[in-house]
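Structural overview
Here is how the chains run, residue by residue.
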Amino acid sequence: MPTTVNAYAAKEVSRPLEPFNFQRRDTGPNDIKIDILFCGVCHSDLHQVRDEWGGSIFPMVPGHEIVGRILQVGDKVTNFQVGELAGIGCFVDSCRSCPSCQAGEEQYCEKGMTGTYNSYERGTKNPTYGGYSTQIVVDEKYALHISDKLPLERVAPLLCAGITTYSPLRHWNVGNGQKVGIVGLGGLGHMGVKFAASFGAEVTVLSTSPSKENDALELGAHHFAVTKDREQMKKLRGEFDFILNTISAQHDYNDYLQLLKTNGTMVVVGIPPTPSTVMAGIVIGNRRSLAGSMIGGIRETQEMLTYCAEHNITSDVEVIDISNINTAYERMLKNDVRYRFVIDIASLKK
Ligand code: NAP
Ligand code: ZN
Ligand code: ZN
């Protein structure tokens, strides 16, 4: 039987989130049903609630950094058992047959991945609803195993902020002997610092917030620069082999591309709602590259979770009750998050 679950939703574009009920589908033969314990708050939740990328579906229950415990498994489930921990990231399905899906990079599914929320279940008009809710049902192929050795509230953000930074750092072979800039010290940025430092790179945080300097160094960065300070930025020209740009708002890519060495690459993961113009001379002059990267596939997300369990890497979090979600969004817009809000879903079960 479908189950009615408690949630928080934006009922219309840009409306504050408020209590909402909806039905989760019955647990099918390949599905697992998860009792959600924690859900991280990603800036993408805010972009989509405000329909900044277009095409948002309302009512919207955001949340794609989900960890919880398995309540039920379908007859054909082989990889998960009742009582185990499980996680869900940014997608819950894909076509399963295109070259990207076959390669384990479901996030680049040629027919489009099915988002954990703000999407439709494949072949239907049933909206998907995310992790700001008490339970979720998902095909086991799109669920992750979660270690019981790490604090769960600190693990939840790995499902998006973690994999989104781990994947490009791995893809571009970032490591020993390289100078890396992490631009924007928020949810993604602070995970980027931890991974880049852990892979052996010399890490500089490039931030608009001078007050984050001590935190940056504690997170593992070796240097800190304030991007509003023109002199500091000038000194860093030609400095980096690799830059990971996590900025969520309008900015000028050229300011950061100039900081790359010859052959350096800037990978953009932040998704501002408006375009940025690139000066051809800045990429041509030093054969620089501008690239992008989106989350990671299931296989790589599992690899990242294992890496984190082995190296004791988790997110720095501020745990909130669901009733504080709108304040958390306001604070995120002011760059006042240290460094990920995570909802204690127990606050939805009262
Ligand atoms: P967040 O926690 O709000 O962090 C963003 C940081 O960017 C801020 O803390 C701030 O850092 C910096 N920033 C904000 N506005 C800025 C501005 N106008 N100019 C310069 N810097 C600014 O957000 P998040 O959750 O890390 O997400 C970051 C972006 O990545 C969002 O756009 C999100 O949608 C996107 N995202 C993409 C993927 C993907 O697969 N590619 C996955 C998840 C999220 P400082 O205070 O240090 O300057
Ligand atoms: Zn996200
Ligand atoms: Zn596909």
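These notes cover the structure that comes with them. Residue positions are given per chain, counted from 1 along the sequence in the order it is written. By the order in which they are written, chains take letters starting at A while ligands take numbers starting at 1. Since the coordinates come from a predicted model, pLDDT governs what is reported: local features require at least 70, and pairs of side-chain atoms require 80 or more to be given and counted, while whole-chain, interface and lining totals use all residues. Heavy atoms from the whole structure form the basis of all side-chain values; hydrogens and water molecules are not counted.

What follows covers the site of ligand 1. The environment of ligand 1 is made up of 31 residues, and the closest members are Ser207, Thr208, Ser209, Lys212 and Arg340. The separation between an oxygen atom of ligand 1 and a polar main-chain atom of Leu188 is 2.8 Å. In the analysis that follows, any N or O atom pair within 3.5 Å is treated as a polar contact, provided that within protein one partner can donate a hydrogen and the other can accept it, and provided that, for residues neighboring in sequence, both atoms belong to side chains. Between ligand 1 and Arg340, the relevant distance is 2.6 Å, taken from an oxygen atom to a side-chain nitrogen or oxygen of the residue. Here the open area of atoms and residues is found with the Shrake-Rupley method and a 1.4 Å probe, where only the protein chains shown may cover a residue. Contact with the protein chains hides 92% of the accessible area of ligand 1, taken as 930 Å² for the molecule alone. Elements that contribute at least two residues to the shell around ligand 1 include exactly helix 1 (43-49) and helix 5 (187-198). Secondary structure elements are defined from DSSP: runs of H or I of at least 4 residues count as helices, runs of E of at least 2 residues count as strands, and each element is numbered from the N terminus. Ranked by residue count, the leading element in the shell around ligand 1 is helix 1, at three residues. Classification convention: Asp, Glu, Lys, Arg as charged; Ala, Val, Leu, Ile, Met, Phe, Trp, Tyr, Cys, Pro as nonpolar; all other residues, Gly among them, as polar. In terms of residue class, the shell around ligand 1 is built from 13 nonpolar, 16 polar and two charged. Only a single heavy atom is needed: when it lies within 4 Å of a molecule or strand, its residue is near that molecule or strand.

Moving on to the sheet that holds strand 15 (residues 289-292). A pair of strands is labelled paired if DSSP reports no fewer than 2 bridges between them. Read from one edge to the other, the open sheet built from six strands follows the order 12-11-10-13-14-15, with strand pairing classed as parallel. Two strands close off the open sheet at either side, each with one partner strand: strand 12 (223-226) and strand 15. Across the sheet, the mean angle separating the axes of adjacent strands is 20° when strand polarity is ignored. With four bridges joining them, strand 11 (residues 202-207) and strand 12 adopt parallel strand pairing. When the bridges of strand 12 are listed, Val205 appears paired with Phe224. Here the axes come from fitting lines to C-alpha atoms, over the contacting stretch only for helices, and the angles between their N-to-C directions go from 0 to 180 degrees.

A word on the coordination of the zinc ion (ligand 3). Donor atoms from the polypeptide that coordinate the zinc ion (ligand 3) comprise Cys95 (SG), Cys98 (SG), Cys101 (SG) and Cys109 (SG), at 2.3 to 2.4 Å from the metal. Donor selection uses N, O and S atoms within 2.8 Å of the metal (3.2 Å for Na, K and Ca). Since no water is included, sites may look incomplete. In these descriptions, tetrahedral denotes four donors with every angle between 85 and 135 degrees, square planar four donors and octahedral six donors with opposite donors over 155 degrees apart and the rest between 65 and 115, and irregular any other case. Here the zinc ion (ligand 3) is ringed by four donor atoms whose angles at the metal span 104 to 119°, and the overall shape comes out tetrahedral. As a motif over one chain, the donors of the zinc ion (ligand 3) read C-x2-C-x2-C-x7-C. The pair Cys95 / Cys98 is uniform in exposure class, with both members buried. With a 1.4 Å probe rolled over the protein chains alone, any residue whose accessible area is under 20% of its type maximum counts as buried; one over 50% counts as exposed, and the rest are partly exposed.

The subject of this paragraph is the coordination of the zinc ion (ligand 2). At 2.0 to 2.3 Å from the zinc ion (ligand 2) lie its protein donor atoms, namely Cys42 (SG), His64 (NE2) and Cys160 (SG). When the donor residues of the zinc ion (ligand 2) are listed from N- to C-terminus, their spacing reads C-x21-H-x95-C. Taken as a pair, Cys42 in the loop between strand 3 (31-41) and helix 1 and His64 in the loop between helix 1 and strand 4 (66-73) lie far apart in primary sequence, 22 residues in all. For Cys42, a relative accessible area of 3% translates into the label buried. A residue is classified by how much of its surface remains accessible, and His64, at 6% relative accessible area, is buried.

Further remarks concern the packing of helix 4 (residues 161-171) against helix 5. How two helices pack is summed up by the angle between their axes together with the distance between the axes. Between helix 4 and helix 5, the shortest axis-to-axis distance is 8 Å and the interhelical angle comes to 45°. On the basis of their axis angle, the class for helix 4 and helix 5 is oblique. Pair helix 4 / helix 5 crosses with right-handed handedness. Contact with helix 4, carried on its side by Ala161, Gly162, Thr164, Thr165, Tyr166 and Leu169, involves Gly187, Leu188, Met191, Gly192, Phe195 and Ala196 of helix 5 and no other residues of that element. Its residues placed into classes, the contact of helix 4 with helix 5 shows seven nonpolar, five polar and no charged. Convention used here: angles under 35 degrees read as roughly parallel, angles over 145 as roughly antiparallel, angles from 65 to 115 as roughly perpendicular, and any remaining angle as oblique. A crossing counts as left-handed when the near helix is turned anticlockwise from the far one by less than a right angle, and as right-handed when that turn is clockwise. Contacts: residue pairs with any heavy atoms within 4.5 Å of one another.

Here the focus is the pattern of salt bridges. Within this document, salt bridges are pairs made up of a side-chain nitrogen of Lys or Arg and a carboxyl oxygen of Asp or Glu, the two lying within 4 Å of each other. Scanning all chains against the criterion turns up 19 salt bridges. Two residues, Arg154 and Asp316, come together in a salt bridge whose shortest N-O distance is 3.5 Å. Here Arg154, found in helix 3 (residues 152-155), pairs with Asp316, found in the loop between helix 10 (298-311) and strand 16 (317-320); they are 162 residues apart in sequence, far enough to count as distant. Using a relative accessible area of 28% as the deciding quantity, one classes Arg154 as partly exposed. Judged by its relative accessible area of 24%, Asp316 is partly exposed. Of the charged contacts in the structure, one is a salt bridge between Arg338 and Asp215, with a shortest N-O distance of 3.4 Å. Residue Arg338 is found in the loop between helix 11 (325-333) and strand 17 (340-344), and its partner Asp215 is found in helix 6 (residues 213-219); the two are separated by 123 residues along the sequence. Given a relative accessible area of 32%, Arg338 falls into the partly exposed group. Taken together, the shared-partner salt bridges in this structure form one network comprising Lys11, Glu12, Arg15 and Glu18.

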